[in-house]
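Residues per chain, in single letters:
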Amino acid sequence: MQEQFIPIDIHTNKLSDWLISRRHCNREWQTKVLTIREKINNAIQDMPVHEGITKLLSGSYINYFHCLKIIEILKETEADSKNFFGSYGSKRMKDWQEIVRLYEKDNVYLAEVAQMLIRNVNYEVPGLKRQIAKCEQQQLECDKKEAEYVKACLIARGEFQTLCKQLGIEGQKIKRELVDLLTELPDIYNELGENVKNLNQAVEFYTEFVKFIFGKEHPGGCIPLLKYMIDHGNTTTYEWKYGSPPVKVEETPLNIKFDDEAISSTEDNTIDFGDDGGNGIDFGGLGNSSSDGIDFGGGDGVDWGISTVEVSSEKESQDIDFNISLEESGIVIDSSGTADGVAKDNEALTLLDNPKTRNTFLDELMELESFLKVRLFEMRGPSNLLTVSQLQDGSPILQLQTTQSISEMLNKVQVVMKQITDSRTQHLHNIKHSPRYVDHLTNSLKQKLEIADKMMASQKAVRQRRKEAGEEAHSLQPKLKLIIAKTKELQGEIERDISKRYKNRPVNIMGGVNVM
């Protein structure tokens, strides 16, 4: 093969070293380029309006080959300044001709364009590609985050709606709606008090069993509160404590701070618990309330002429003296009772409403339930610890019980247990007796709405970031295409220039822009 057809392969990264090692350029070319660049910057300030020049000066760093093209354009625009000897008198033409001469001296231009090619191939083009890829990756991440925020928002709002549905509120004025729910408590307690009466047989069975085992009555009696409620219903704590109904009830109003007011309970500082008598209170069937007062007897009971509930903030913190005789008033109570027959504070609450007696009620209910479960287990076991023959000396209620009858008793106990431990009932109980619980429940609901709102704001922010990333990537694409095109053009110019120096042998710059 003839030498002129043997290609010259030069790797892009070795191009500068190759030119210096072949003595086409010297190592001090960079100091000379500084002077040339300064002249180019000055010459650019005075350029004619021409489409070709505008295109040359856009999107790339001006190099030697651009200067040659500018001179060709100036030959047209500055033709009027050409003299008889063929030289141009235009300062523009002289400036650019001088720049070209400086470039060609010691082949400074070749070293510079080689350096430009290396920089474009190794840094400019990969940098733009990385920036575009980063924008595209950011768009994908924004899509993913937006989906997560949408899901979190739906979950938070779903939890809020579910909890509101469980509580039976709309969720507009949360705290006030929670307090308004307390009107349901009397009906719940009335129904519960009626169901307690169904436990009469279970209580009697348990009492007789304990009496049979120990041979005597249990000290203090077995489950006394349950027995009392079976006989008297859900009365006030005062009546359970002293054995007679109070003359007057002063129930402490709710002390709850609403968002739109200072301290209040309802509009008139009391809560309407849905009593049929309007101003009266019906204490678990002890009497029917009248429109003017409280009737503690039957249908012919005495009308005491006392209003239903009187609120006195001055007396809330006063201690009650239980050691005053009431002989002159005609009211007979224990020596530990109140002097004036007024039920205050917790004594004004019903047994199921009073936290202390409510806990006692639950304890006795669980005690009865445990007894029935154990007795049922014993009777179903292989060896009955207390057989029918052993219970012959006991009362008939002990002898006649079967697994079926005990199961029925247990079912009735569990019905009452389920009612008193129902989540909604407990919510209402806590709302009435714990302002901190109301605040906690309200804040919990509001927090879910705040989370949903925060997720909505995050969605908008992510969409905006995604839009900005998309716009940036879109704006970089034309710039990338332009610099690749300019780099390919520059690489072709370098290959042709080197080829001329080696008798037009083919020159291939390897690893250049062609592999991008």
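Every chain's residues receive numbers from 1 upward, in the order its sequence appears when written. With the structure being a predicted model, the display of local features is reserved for residues of pLDDT at least 70 and the display and counting of side-chain atom pairs for 80 or more, all residues being used for whole-chain, interface and lining totals. Only heavy atoms go into the side-chain values, all of them from the structure, while hydrogens and water stay out.

Engineer: Just to check I follow, could you spell out the overall build of the protein for this structure?
Structural biologist: What counts as a helix is a DSSP run of H or I of at least four residues, what counts as a strand is a run of E of at least two, and both are numbered from the N terminus. When its secondary structure is counted, the protein shows 16 helices and 4 strands. Note on classification: 1.4 Å probe, protein chains only; a residue is buried when its accessible area is under 20% of the maximum for its type, exposed when over 50%, partly exposed between these limits. Counting over 516 residues, the protein shows a buried share of 41%. Any two residues whose heavy atoms approach within 4.5 Å are treated as being in contact. Relative to all contacts within the protein whose residues are 6 or more apart in sequence, the contacts with residues 24 or more apart total 73%. Exposure was quantified through the Shrake-Rupley algorithm and a 1.4 Å probe, taking into account, for residues, occlusion by the shown protein chains and nothing else. Carbon and sulfur atoms form 50% of the exposed surface of the protein, whose accessible area is close to 29500 Å².

Engineer: Mind showing me how you'd approach the pairing of strand β1 (residues 8–11) here?
Structural biologist: Look at any regular strand and the pattern is simple: side chains alternate between the two faces of the sheet. Alternating positions in β1 separate cleanly, Ile8 and Ile10 being buried on one face and Asp9 and His11 remaining unburied on the opposite face. As paired elements, β1 and strand β4 (residues 507–510) share 4 bridges and run parallel to each other. Note that in β4 the partner of Ile8 across the bridge is Val507. For two strands to count as paired, DSSP must find a minimum of two bridges between them.

Engineer: Can you help me understand the side chain of Gln459 in this one?
Structural biologist: Mapped onto the elements, Gln459 comes out in helix α16 (residues 435–501). By relative accessible area, Gln459 is classed as buried at 5%. Once residues within four sequence positions are removed from consideration, Gln459 is found in contact with Glu146, Tyr149, Val150 and Cys153.

Engineer: It is not clear to me how the nonpolar core should be interpreted in this structure. Could you clarify?
Structural biologist: Where a protein is soluble and globular, its nonpolar side chains tend to be buried together. Formed by 55 residues in total, the largest nonpolar core has its most connected members in Leu178, Leu226, Phe361, Leu365, Leu368 and Leu372. Those residues in contact with Leu178 that lie beyond four places of it in its chain are Leu167, Ile169, Ile431, Val438, Leu441 and Thr442. Counting residues in each nonpolar core, the second largest holds 43 residues, with Ala43, Ala111, Leu117 and Val507 among its members. Within this scheme, the nonpolar core is defined by two criteria: the residues are buried Ala, Val, Leu, Ile, Met, Phe, Trp, Tyr or Cys, and they are joined through side-chain atoms within 4.5 Å.

Engineer: What am I meant to see in the packing of aromatic side chains here?
Structural biologist: Working definition: an aromatic ring pair is given by the centre-to-centre distance plus the angle between the planes. Pairing of aromatic side chains here covers Phe, Tyr and the six-membered ring of Trp, requires ring centres within 6.5 Å, and sorts the geometry by plane angle: under 30 degrees stacked, over 60 edge-to-face, intermediate tilted. Within the structure shown, the criterion is met by 11 aromatic pairs. Consider the rings of Phe205 and Phe209, whose centres lie 6.2 Å apart with planes at 65°: the pair is edge-to-face. In this pair, Phe205 and Phe209 both sit in helix α9 (residues 200–214), 4 residues apart, roughly one turn of the helix. By relative accessible area, which is 11% here, Phe209 ends up buried. An aromatic cluster is built from Tyr64, Phe65, Tyr103 and Tyr109, whose rings are joined through pairwise contacts.

Engineer: Help me understand helix α10 (residues 224–232) in this model?
Structural biologist: Three or four residues apart is the spacing at which side chains of an α-helix point the same way, because the helix has 3.6 residues per turn. Among the residues making up α10, those that are buried are Leu225, Leu226, Tyr228, Met229 and Ile230. As for α10, its buried residues are in contact with α8 (185–196), α9, α11 (237–242) and α12 (355–380). Positive backbone phi, approximately 85°, marks Gly233, located one or two places after α10.

Engineer: Got a minute to help me understand the packing of helix α2 (residues 29–44) against helix α6 (residues 108–167) in this structure?
Structural biologist: Helices that pack against each other are described as a pair by the angle of their axes relative to one another and the distance between those axes. Note on definitions: angles span 0 to 180 degrees between N-to-C directions of axes, and those axes are lines fitted to C-alpha atoms, for helices only across the stretch in contact. Where α2 contacts α6, the two axes come as close as 10 Å, and the packing angle between them is 95°. Relative to α6, α2 is oriented roughly perpendicular. Contact residues: Trp29, Lys32, Val33, Ile36 and Arg37 in α2; Val108, Ala111, Glu112, Gln115 and Met116 in α6. Side-chain classes are defined by residue name, with Ala, Val, Leu, Ile, Met, Phe, Trp, Tyr, Cys and Pro counting as nonpolar, Asp, Glu, Lys and Arg as charged, and the others, Gly among them, as polar. Taken together, the residues that form the contact of α2 with α6 break down as 6 nonpolar, 1 polar and 3 charged. Working definition: roughly parallel below 35 degrees, roughly antiparallel above 145 degrees, roughly perpendicular at 65 to 115 degrees, and oblique for all remaining angles.

Engineer: What exactly am I supposed to notice about the packing of α9 against α12 here?
Structural biologist: Packing of α9 against α12 brings their axes to within 11 Å, and their N-to-C directions diverge by 70°. Between α9 and α12, the angle is such that the two are roughly perpendicular. Across from Ala202, Val203, Phe205, Tyr206 and Phe209 in α9, the residues of α12 making contact are Glu367, Leu368, Phe371, Leu372 and Arg375. For the contact of α9 with α12, the class distribution of residues is 8 nonpolar, no polar and 2 charged.

Engineer: What exactly am I supposed to notice about the environment of Lys373 here?
Structural biologist: Among the secondary structure elements, Lys373 is positioned in helix α12. Lys373 gets classed as partly exposed once you look at its relative accessible area, which sits at 41%. For the pair Lys373 and Ile406, spaced 33 residues apart in sequence, the C-alpha to C-alpha distance is 8.6 Å.

Engineer: Can you help me understand the pattern of salt bridges in this one?
Structural biologist: Side chains that differ in sign of charge can pair as their charged atoms come close. We count a salt bridge whenever a side-chain nitrogen from Lys or Arg sits within 4 Å of a carboxyl oxygen from Asp or Glu. If you walk through the whole model with that rule in mind, you get 19 salt bridges. Linking Arg466 and Asp143 is a salt bridge whose minimum nitrogen-to-oxygen distance equals 2.5 Å. Placement of Arg466 in helix α16 and of Asp143 in helix α6 is noted, with a sequence separation of 323 residues between them. For Arg466, a relative accessible area of 32% corresponds to the partly exposed category. Classification of Asp143 by relative accessible area gives partly exposed; the value is 31%. The partner of Glu347 in a salt bridge is Lys241, and the shortest N-O contact between them spans 3.2 Å. You can see Glu347 sitting in the loop between β3 (342–344) and α12 and its partner Lys241 sitting in helix α11, a full 106 residues away along the chain.

Engineer: Help me understand the environment of Asn354, please; the structure alone is not making it clear to me.
Structural biologist: Among the secondary structure elements, Asn354 is positioned in the loop between β3 and α12. The spacing of Asn354 and Thr236 is 118 residues in sequence and 8.7 Å in space, taken between C-alpha atoms. Apart from the residues lying within four places of it in its own chain, the contact partners of Asn354 are Thr237, Asn346 and Leu349. Side-chain polar atoms of Asn354 contact the backbone nitrogen of Lys356, separated by 3.1 Å. Counted as a polar contact is a pair of N or O atoms within 3.5 Å, where, for protein atoms, one must be capable of donating a hydrogen and the other of accepting one, and residues adjacent in sequence contribute only when both atoms are in side chains.

Engineer: What am I meant to see in unusual backbone geometry here?
Structural biologist: Of all residues except glycine, most have a negative phi; of all peptide bonds, most are trans. Within the chain, Asp106 stands out as a residue other than glycine whose phi angle is a positive 60°. Within the secondary structure layout, Asp106 lies in the loop between α5 (91–104) and α6. In this structure, Lys503 takes a positive phi of about 55° despite not being glycine. As for its placement among the helices and strands, Lys503 is situated in the loop between α16 and β4. Of the residues examined, Lys503 reaches a relative accessible area of 72% and is grouped as exposed.

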